[in-house]
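Each chain is listed here by its residues.
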Amino acid sequence: MRLFVALSPPREALAEVAGAVRSVGDRWPELRWIAPELWHVTLAFLGEVPERALPSLTTRLARAAGRYPPMTLAFAGAGAFPSATRANVLWCGVRGGGTVLPKLAASLAAGAHRAGAREPERRPYHPHLTLGRARTGPDVRELVESLASFEGTPWPADAVHLISSHLGPHVRYEPVDAWPLTG
Ligand code: 2AM
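Quick caveat, the model's predicted, so the values are computed rather than measured.

## A look at helix α2 (residues 54–66)
Then step 1. Here α2 is 13 residues long and its end C-alpha atoms lie 18 Å apart, about the 18 Å a rise of 1.5 Å per residue gives.
Then step 2. Of all the residues in α2, the buried ones are L57, R60, L61, A64 and A65. Projection of α2 onto a plane perpendicular to its axis shows the buried side chains occupying an angular sector of 135°, all on one side. Of the exposed residues in α2, the ones pointing more than 90 degrees away from its buried face are P55, T59 and G66.

## Examining the UniProt feature "active site" (unreviewed entry) in the protein chain
Then step 1. The UniProt entry lists H40 and H128 under the feature "active site" (unreviewed entry), expressed in the numbering used here. The named residues occupy 89 residues along the chain; their greatest pairwise C-alpha distance, 8.5 Å, places them in one compact cluster.
Then step 2. With respect to the helices and strands, the residue H40 is situated in the loop between β2 (32–33) and β3 (41–48).
Then step 3. Residue classification places H40 among the partly exposed positions, given that 18 C-beta atoms sit within 10 Å.
Then step 4. Once you skip the residues sitting within four places of it in the chain, H40 turns out to touch A6, L7 and S8.
Then step 5. With respect to the helices and strands, the residue H128 is situated in strand β6 (residues 128–133).
Then step 6. Assessed through the 19 C-beta atoms surrounding it within 10 Å, H128 is described here as partly exposed.
Then step 7. Sequence-distant contacts of H128, defined by excluding residues within four places in its chain, comprise W91, C92, G93 and V94.

## Some thoughts on the pairing of strand β9 (residues 172–180)
On any regular strand, side chains alternate: one points to one face of the sheet, the next to the other face.
Then step 1. Where strand β8 (residues 159–166) and β9 come together, eight bridges link them in antiparallel fashion. Following the sheet pairing, H166 is matched in β9 by R172.
Then step 2. Where β8 folds back on β9, the antiparallel hairpin that results is connected by five residues, among which G168 adopts a positive phi of roughly 150°.

## Overview of the site of the ligand
Then step 1. Around the ligand, the neighbouring residues are F4, T42, F45, V89, T130 and S165.
Then step 2. Classifying every residue of the shell around the ligand by side-chain character gives three nonpolar, three polar and no charged.

## Remarks on the sheet that holds strand β5 (residues 86–95)
Then step 1. Across the sheet, which stays open at both edges, the five strands sit in the order β2-β6-β5-β4-β7 with antiparallel pairing between neighbours. The open sheet has two edge strands, β2 and β7 (155–157), and neither has a second partner.
Then step 2. The sheet contacts of helix α1 (residues 11–23) involve β4 (71–83), β5, β6 and β7, and relative to β4 the element is tilted by about 40°.

## Observations regarding unusual backbone geometry
Then step 1. Looking along the chain, the bond that leaves F81 and enters P82 is cis, with omega of -5°.
Then step 2. Within the secondary structure layout, P82 lies in strand β4.

## Digging into the sheet that holds β8
Strands in a sheet are paired, the pairing made by backbone hydrogen bonds, and the direction either parallel or antiparallel.
Then step 1. The strand order across the open sheet built from four strands is β3-β1-β8-β9, with neighbouring strands paired in antiparallel fashion. This sheet does not close on itself; its edge strands, each paired only once, are β3 and β9. Neighbour to neighbour, the strand axes of the sheet diverge by 20° on average, direction disregarded.
Then step 2. As paired elements, strand β1 (residues 2–7) and β8 share four bridges and run antiparallel to each other. Looking at the pairing, F4 lines up with I163 of β8.
Then step 3. Lying on the sheet, α2 is in contact with β1, β8 and β9; it crosses β9 at an angle near 55°.
Then step 4. On top of the sheet, helix α3 (residues 100–114) reaches β1, β3 and β8; it is set at about 15° to β3, its chief contact.

Procedures and definitions
- Residues numbered from 1 in each chain as written.
- Predicted model: local features only at pLDDT ≥ 70, side-chain atom pairs only at ≥ 80, totals over all residues.
- Helix = DSSP H or I, 4+ residues; strand = E, 2+ residues; numbered from the N terminus.
- Expected span 1.5 Å × (residues − 1).
- Buried ≥ 20, exposed ≤ 12 C-beta atoms within 10 Å, placed from the backbone.
- Arc of directions from axis to C-beta.
- UniProt positions renumbered as here; feature names shortened; annotations may be inferred.
- Contact = placed C-beta atoms within 7 Å.
- Pairing = 2+ DSSP bridges.
- Near = placed C-beta within 6 Å.
- Nonpolar A, V, L, I, M, F, W, Y, C, P; charged D, E, K, R; others polar.
- Axes fitted to C-alpha atoms, helices over the stretch in contact; angles between N-to-C directions.

Take a look at the structure:
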């Protein structure tokens, strides 16, 4: 199973981002926009995990989630990976949560690794909402600039979701499990 752990922001918060994206127009033909129904904030990408690892994985993820408190987050601004002059990923920023968010992300990845998932990422965790992707690395500075002033309504992040990703012509995400943040 191809798995990842994510926050699933409320529909209203995502609708605000979608509105901001619509307002900047459609002048970036190289960008493939992701449908808002698929938007999520990845906490840990686990990659291929054998189904037999699922019981241990879910126990460890539940334990990690239980150690951290709920947070109030807000979408704000935009940016691109690896850079706005050569963008492969266009994203909306996530504010709030202080140090809890990176610690939670690290705990989930470490727990999943102990259950047999891939090694945790070495690069620092950068919370984001991926809006679009581009293979050709277009310059999206103007687009990032247009979204810079966007500030969404704060929303409660009170649970983490384990999601299975089915690749193909149409990517499909299937919820597997979810645990509340109760620390
Ligand atoms: P994203 O967080 O930038 O959107 C499922 O593929 C999710 O896991 C996507 O949201 C994706 O990117 C995230 N992800 C993180 N690292 C990944 C990787 N190495 N391969 C695929 N997806 C990854």
